[in-house]
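Each chain, written out:
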Amino acid sequence: MSTAILELADSGDLQRIRDKWLIRTVCSPDSTELASNQLHLKSLLGLLLICGLVCFMALTVYFVLIIRQFSRHVPNEPDQSSQGISHSRHLQRFLTFANEKEATVMSRSKRRQIEESNRGSTNTERRQMGETSSIDMNMSTSPS
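Not measured: the values here are computed from a predicted model. (Residues numbered from 1 in each chain as written. Predicted model: local features only at pLDDT ≥ 70, side-chain atom pairs only at ≥ 80, totals over all residues. Heavy atoms only, no water.)

### With respect to the overall build of the protein chain
What the protein chain contains, in helices and strands, is five helices and zero strands. For the protein chain, the sequential pattern of α-helices and β-strands runs α-α-α-α-α. Counting all 144 residues of the protein chain, 3% fall into the buried class. Within the structure as shown, the protein chain displays about 13,200 Å² of accessible surface, and the carbon and sulfur contribution to it stands at 62%. (Helix = DSSP H or I, 4+ residues; strand = E, 2+ residues; numbered from the N terminus. Buried < 20%, exposed > 50% of the residue type's maximum accessible area, 1.4 Å probe, protein only. Areas by Shrake-Rupley, 256 points an atom, 1.4 Å probe, with all protein chains shown as cover.)

### Description of the pattern of salt bridges
One pass over the full model with this rule turns up one salt bridge. In this structure, Asp13 and Arg16 form a salt bridge, with 2.5 Å as the shortest nitrogen-oxygen distance. Taken together, the positions of Asp13 and Arg16, both in helix α2 (residues 13-23) and three residues apart, correspond to about one turn of that helix. (Salt bridge = Lys/Arg side-chain N within 4 Å of Asp/Glu carboxyl O.)

### Notes on helix α1 (residues 2-11)
α1 sits mainly on the outside: zero of its 10 residues count as buried. A positive phi of about 90° marks Gly12, the residue just after α1.

### So, the packing of aromatic side chains
Counted according to the given criterion, the structure contains three aromatic pairs. The interplanar angle of 85° and the centroid separation of 5.3 Å between the aromatic rings of Phe70 and Phe94 together place this pair among those described as edge-to-face. Of this pair, Phe70 sits in helix α4 (residues 41-73) while Phe94 sits in helix α5 (residues 83-141), placing them 24 residues apart in sequence. You'll find Phe70 and Phe94 in the same group, each marked buried. These aromatic residues form a ring-pair network of at least three members: Phe70, Phe94 and Phe97. (Phe/Tyr/Trp six-rings, centres within 6.5 Å; stacked < 30°, edge-to-face > 60°.)

Right, dumping it as structure tokens:
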């Protein structure tokens, strides 16, 4: 490695590389070539717009699904005399439903993980029992 560097220094290539990459001031404020390579908000506006639109649509679909599940699973109350109380009670029931749904989903996923780990250990136990029973069968059938 050091001999290659000495050969570059002797031939003058090392000085040309140094001048090309280290001495030239690319970061000067009056450089017009650099300005064309900069990213502006206009460059990313389309991407930001698409991401925002997709997020908004996903959130809308989620809320529509939650409201459909709420309307299916929670029966409507009979009309009460005061509409303000009815709306606030309905909103409170909806928020309670959404909160319970989240807790149910979390407990369901935990239960599924426990069941999968139990199934894995049960399969291991079955396999071990099968191996021991085949060993017992081989011992009983082999002449002594």
